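Coordinate analysis (summary)
Chain by chain, the residues run as shown.
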Amino acid sequence: MPAYIGNVVFPYPLKWLDKNRPRVLGSDTVTRSGNLVMLRAEGNGPTYLPARVLFEWTPFSAVTTLYAYWKSGGEWTADLEGTGDTCTVRFAAKNGVAKVKHQTGKDVVHAHWDGSENDVYSGEMNLIIVRT
């Protein structure tokens, strides 16, 4: 089963870098007197969970669609690892699609070169899992 986000189907499963990273809501703050104030919140559930994923060997047309998804601010159904487990995601506002490079690792200026059918890219997506 292929990995996908919306209509973008990836040739390989996405690499979910922070999948098993624990999430703790709260903060630890040192006061002026030197005391430590620790706040923790309940509700560390599976909603609004950040997910940092990498894609590889993806055609530029799919990368362009990912940019459009990020820009629109909408929500999409996704199967990030191609396992059949779906969730609803949106792209992080600040860096939704980042570090996009030609699969060779070189930057490509598309104003001077249109690329070819076999042109593929790698990059990073910063997603927020809205619902599982």
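Note that residues are indexed from 1 along each chain, following the sequence as it is written. Side-chain atom pairs in this predicted model are given and counted only at pLDDT of 80 or more, local residue features only at pLDDT of at least 70, and totals for whole chains, interfaces and linings cover all residues. Side-chain figures throughout are based on the complete set of non-hydrogen atoms in the structure, without hydrogens or water.

1. Brief notes about the nonpolar core
The nonpolar side chains of a soluble globular protein tend to be buried with one another. Selection rule: Buried Ala, Val, Leu, Ile, Met, Phe, Trp, Tyr and Cys residues form a nonpolar core when they are joined through side-chain atoms within 4.5 Å. Per-residue accessibility, obtained with a 1.4 Å probe over protein chains only, is compared with the maximum for each type, and a residue is labelled buried under 20%, exposed over 50%, and partly exposed between these values. For helices the rule is a DSSP run of H or I covering at least 4 residues; for strands it is a run of E covering at least 2, with both sets numbered from the N terminus onward. Whether two residues touch is decided by their heavy atoms; if any such pair falls within 4.5 Å, the residues are in contact.
Counting residues in hydrophobic clusters, the biggest one holds 24 residues, and the most contacted among them are I5, F10, L14, L66, F91, M125 and L127. Looking at this core, the elements that each hand over two or more residues are β6 (49-59), α1 (60-72), β7 (76-79), β8 (87-91) and β10 (120-131). If we ignore the near neighbours within four places in the chain, the residues touching F91 are I5, L66, Y69, W70, W76, G96, V97, M125, N126 and L127.

2. Concerning the layout of surface pockets
Leftover empty space is mapped by rolling, across the atoms, a probe with the size of a water molecule. Operational definition: Points on a 1 Å grid, built from protein atoms alone, make a cavity when a 1.4 Å probe fits but cannot get out and make a pocket when they are open with protein on both sides within 12 Å along at least 5 of 7 lines; residues with an atom within 4 Å of a point are the lining residues. Grid points are joined across faces, edges and corners, and a volume is the space filled by probe spheres set on the points. Under the scheme applied, nonpolar residues are Ala, Val, Leu, Ile, Met, Phe, Trp, Tyr, Cys and Pro; charged residues are Asp, Glu, Lys and Arg; polar residues are all the others, including Gly.
Roughly 160 Å³ of internal volume is contained in the largest pocket. Surrounding the largest pocket, 13 residues form its lining, W16, K19, E81, D85 and C87 being those nearest its centre. Taken together, the residues that form the lining of the largest pocket break down as 6 nonpolar, 3 polar and 4 charged.

3. Observations concerning the side chain of D79
Using the following cut-off: Under this rule, positive means Lys or Arg and negative means Asp or Glu; His and the chain ends count for nothing. The working definition used for a salt bridge is a side-chain nitrogen of Lys or Arg within 4 Å of a carboxyl oxygen of Asp or Glu. Polar contacts, as counted here, are pairs of nitrogen or oxygen atoms within 3.5 Å of one another; within protein the pair requires one atom able to donate a hydrogen and one able to accept it, and residues that are adjacent in sequence qualify only if both atoms are side-chain atoms.
Tracing the chain through its elements places D79 in strand β7. The buried charged residue D79 lacks any salt bridge, with K19 as its nearest oppositely charged partner at 8.5 Å. Here G84 takes part through its backbone nitrogen, which lies 2.8 Å from a polar atom of the side chain of D79. Ignoring any residue separated from it by four or fewer positions in sequence, one finds D79 in contact with M1, P2, A3, Y4, G84, D85 and T86.

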